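Architecture at a glance
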Amino acid sequence: MLFTEYFNYYQWDIEQASIYAKTTEDVVRALAKNNRTYEDFKSLISPAALPFLEQMARLSQRETQKRFGKTIQLYAPLYLSNECQNICTYCGFSLDNKIPRKTLTALEVLQEIAVLKEMGYQHVLLVTGEAQQQVGMDYFKQMLPLIKKHFAHIALEVQPLDEEDYLTLHTLGVNTVLVYQETYHREDYRLHHPKGKKSNFNYRLETPDRLGRAGIHKIGLGALLGLDDWRTDSAFTALHLQYLEKQYWQSRFSISFPRLRPHIGGLEPKTIITDRELVQLICAWRIFNSDIELSMSTRESASFRDNIIKLGITSISAGSKTNPGGYAVEPQSLEQFEIDDGRSPVEIAAVIQKAGYDPVWKDWDPALQAI
Amino acid sequence: MNQPLKIADKTFSSRLFTGTGKFSSIKVMEEAILASGSELVTVALKRVAHQQIENDQLLAHLNHDHINLLPNTSGVRTAKEAVYAAELAREALETNWLKLEIHPDPKYLMPDPIETLKAAEALIKLDFIVLPYCHADPVLCKRLEGVGVSAVMPLGAPIGSNQGLTTLAMLEIIIQQSTVPVIIDAGIGKPSQAAQAMEIGADAVLVNTALATANDPIAMAIAFKQAVEAGRLAYESAGLTPISNNAVASSPLTSFLNTI
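Please read these numbers as outputs of a predicted model, since none were measured by experiment. (Residues numbered from 1 in each chain as written. Chains lettered and ligands numbered in written order. Predicted model: local features only at pLDDT ≥ 70, side-chain atom pairs only at ≥ 80, totals over all residues.)

**Side note on the overall build of chain A**
We count it as follows: Numbering of helices and strands starts at the N terminus; helices are DSSP runs of H or I of at least 4 residues and strands are runs of E of at least 2. Throughout, the radius of gyration refers to the C-alpha atoms, and the reference size of a globule is 2.2 Å times the residue count to the power 0.38. Backbone-placed C-beta atoms define the burial measure: a residue is buried with 20 or more other C-beta atoms within 10 Å of its own, exposed with 12 or fewer, and partly exposed in between. We call two residues in contact when the distance between their C-beta atoms, placed using the backbone, is within 7 Å.
When helices and strands are tallied, chain A shows 16 helices and 9 strands. For chain A, whose C-alpha radius of gyration is 20 Å, the value lies close to the compact-globule estimate of 21 Å for 371 residues. Reported as C-alpha extents along the three principal axes, the dimensions of chain A are approximately 60 × 45 × 45 Å. Within chain A, the fraction of its 371 residues that count as buried is 50%. Contacts in chain A between residues at least 24 apart in sequence constitute 78% of all its contacts with a sequence separation of at least 6.

Given below as structure tokens:
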């Protein structure tokens, strides 16, 4: 069975209505439990839970410290290419945006790596658009052996691939793959992805299944918050996670919280998720699932990030560039999304320490997946 | 009324499974099983006269439309022996359902996890519906699920011990992770323990010794029936827990939201 089959039992409107119908009693019950269900998660992200925010924050902090200790893992994105054959209404790299296109050569990748290594990074997230010619499996096969030598942990955020490709990537040293569904609203997904391979909703929805089957160690999920109703999208993400955890019990999972941000040719978010609601969402995830890794990017402001460190997040990026060549080769080229927190990794590490946490640079070893 | 339970191709309205051993007579066994409402009853191949099946008294007393037989391999010590016994049971009892039990240790009857996994894999290839009796080991249960078993039957305590859910912490993990029904087998000695198993979300329980050795097995069968229904109802209604959480006056962790 794949997730689509399970997913098709659920209807967006019904799920959405039930989230907004949750009551104070539902929230109190969810908070009092030991093991929370999908319905409890819906209660915790509902408007009814907002008055309980401080209580949720305390619970989230306690659960996070119990499972992860007082640590925050640091990673950096490395954009390899902004070539893309997809039209995505919200993305700066969309095919219909007239921007200079760039794919890093091996030499350029090494130049970028040198800067990241200088910053102290051991965990790298490789990012590309979806362009079969320029950045397909051949490109990954060429680049990964170069990159692998320099990092303890490699994560990938690229187009969805077939199961056999993931098996190959695993042998090339990829530990983690992130594939965000963007939205679980089938019709709106179609509106936002009118062209390119990405327009295939089911293929994307079943990507974590293929990752799990290929034995990928860590699978990242998420919805682009604001593209549709963020609460309903988060509920579907929770449903997805719950299914995956049972099905692929040897994999770990992480959740990210990208908020829709302004960019060239910008799209107005359908719903705005406020800072307060984002805190609610992060805490709800932690209370729902004590083992899940929660990741926070530099899209968010410095003051927000400084405070969220203690509330449930387990990994953050710092000093990020979201343009190919952004660290060394072409620092001025167009970014995929705007960075809000521009502080250096050293500064962020100091902030983490000041909060009483240990910044962790290395939390994996290639030897653990060498065979 | 509890939700029906589906295992492989069969649907059960009762979540209380029973055994056939240790009763004072076959007649008492039959009455107790009928009183329990059980629709799945395990039978040890070793107790069935499988060469002359038509004369078998035990089976004659289990011949009721609502009762499904679940032959078990009790007595075997290896995967190889289990596969052989399973084939005999399938032929004699005309069912491909099997409770896989391999306990090489005659004292505590502890299931052998390695042989059980091997046998389960082989039996599924031979088209058996396999329900393995196993330790309350979450990884083992996932491995068994991975080879295609139709349910897992982790133990609550050593078989026949009546100690209840001594493996509670592990059972909770198994229930949380499983994609196949979880039947808690062995160790359940009292109706309250059966209710507890259902409250934590077990799909069914298998009770034998506590019924068979009770002073009044029929009354005890009714007590277990009601306990299982009550525990399941509590679980399905999801209304168990509210423990009061006092409101928090100050907000040190989230007050930053007022300033950014």
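Next comes the rest of the account.
**A word on the confidence of the model for chain B**
Parts of the model with low pLDDT should not have their predicted coordinates read in detail. Heads up, the condition is: The predictor rates its confidence in each residue with pLDDT, a number between 0 and 100.
Looking at chain B as a whole, its pLDDT mean stands at 89, while 95% of the residues score no less than 70. Predicted complex metrics record ipTM = 0.74 and pTM = 0.81.

**Some words on the nonpolar core**
Rules: Structurally, a nonpolar core is described as a collection of buried Ala, Val, Leu, Ile, Met, Phe, Trp, Tyr and Cys residues joined by way of C-beta atoms within 7 Å.
By size, the foremost hydrophobic cluster in this structure holds 98 residues, and its most contacted members are L44, V124, I282 and A284 of chain A. With 8 residues, the top contributor of residues to this core is helix α14 (residues 275-288) of chain A. Setting aside residues up to four positions removed in sequence, V124 of chain A forms contacts with Y75, A76, L78, L116, F151 and I154 of chain A. Listed in part, the 77 residues of the second largest apolar core include V41, C134, I188 and V205 of chain B.

**Some thoughts on helix α8 (residues 137-148) of chain A**
Along an α-helix, residues three or four apart share an orientation, since each turn contains 3.6 residues. Defined as follows: To estimate the expected span of a helix, subtract one from its residue number and multiply by 1.5 Å.
Between its terminal C-alpha atoms α8 of chain A stretches 16 Å, which fits the 16 Å expected from 12 residues at 1.5 Å a residue. If you follow the buried residues of α8 of chain A, they end up packed against α6 (106-119), β2 (123-127), α7 (132-135), β3 (153-157) and α9 (163-171) of chain A.

**Some remarks on the interface of chain B and chain A**
What counts is decided by this rule: When residues are sorted by character, Ala, Val, Leu, Ile, Met, Phe, Trp, Tyr, Cys and Pro go into the nonpolar class, Asp, Glu, Lys and Arg into the charged class, and all the rest, Gly among them, into the polar class.
Contacts between chain B and chain A engage 16 residues on the former and 25 residues on the latter. Partitioned by chemical class, the residues of the side of chain B that touches chain A number 8 nonpolar, 7 polar and 1 charged.

**Considerations on unusual backbone geometry**
Positive phi is not limited to glycine here, since E182 of chain A has a value of about 70 degrees. The residue E182 of chain A is located in the loop between β4 (176-178) and α10 (186-192) in this model. Unlike most non-glycine residues, L109 of chain B shows phi in positive territory, near 55 degrees. Note on L109 of chain B: 17 C-beta atoms within 10 Å, which makes it partly exposed.

**Overview of the packing of helix α2 (residues 12-20) of chain A against helix α13 (residues 230-247) of chain A**
Residue and element names in this part refer to chain A. Here is the rule: For helices, the fitted line uses only the C-alpha atoms of the stretch in contact; every axis is such a line through C-alpha atoms, and the angle between N-to-C directions lies from 0 to 180 degrees. Geometric relationships in this document are graded by angle, where less than 35 degrees denotes roughly parallel, more than 145 denotes roughly antiparallel, 65 to 115 denotes roughly perpendicular, and other angles denote oblique.
Two elements in contact, α2 and α13, have axes separated by 9 Å at closest approach and are oriented at 110 degrees. Between α2 and α13, the angle is such that the two are roughly perpendicular. Taken together, the residues of α13 that come into contact with α2 (itself represented by W12, E15, Q16 and I19) are R231, T232 and A235. Taken together, the residues that form the contact of α2 with α13 break down as 3 nonpolar, 2 polar and 2 charged.

**Let's talk about the pairing of strand β6 (residues 252-256) of chain A**
Residue and element names in this part refer to chain A. The cut-off we apply is this: Note on pairing: two strands pair once DSSP finds at least 2 bridges between them.
When strand β5 (residues 218-221) meets β6, the two strands line up parallel, connected through 4 bridges. From the neighbouring strand, K218 faces β6, where its bridge partner is R252. Relative to strand β7 (residues 293-296), β6 runs parallel, the two being bridged by 3 bridges. Its bridge partner lying in β7, S256 is registered against S295.

**Digging into the pairing of β2 of chain A**
All names here are of chain A. For the record, the criterion: Handedness of a crossover is defined as follows: with both strands directed away from the viewer, a clockwise route from the first strand across the helix to the second makes it right-handed.
The buried count for β2 comes to 5 of 5 residues, which makes it a mostly enclosed element. The sheet contact formed by strand β1 (residues 71-79) and β2 spans 4 bridges and is parallel. Residue pairing for β2: L78 is matched across the bridge by L126. The handedness of the β1 to β2 crossover, carried by α6, is right-handed. Both β2 and β3 contribute to a ladder of 5 bridges, which runs parallel. From the neighbouring strand, L125 faces β3, where its bridge partner is A155.

**Looking at helix α1 (residues 26-36) of chain B**
Residues and elements named next belong to chain B. Basically, it comes down to this: In this description, the arc belongs to the directions extending from the helix axis to the C-beta atoms.
Restricting attention to buried positions, one finds in α1 the residues M29, A32, I33 and S36. Taken down its axis, α1 places every buried residue within 100 degrees of arc, on the same side. On its buried side, α1 packs onto β3 (16-18), β4 (40-44), α8 (209-212) and α9 (217-237). The positive-phi residue at the C-terminal boundary of α1 is G37, with phi of around 75 degrees.

**A short note on the packing of helix α3 (residues 79-93) of chain B against helix α4 (residues 113-125) of chain B**
Residue and element names in this part refer to chain B. Rules: By convention, the crossing between two helices is left-handed when the near helix turns anticlockwise from the far helix through less than a right angle, and right-handed when the turn is clockwise.
At their nearest, the axes of α3 and α4 sit 8 Å apart, and the two run at 40 degrees to each other. When the axis of α3 is compared with that of α4, the two are oblique. Every pair of crossing elements has a handedness; the one defined by α3 and α4 is right-handed. Contacts between α3 and α4 involve A79, A82, V83 and A86 from the former and E115, K118, A119, A122 and L123 from the latter.

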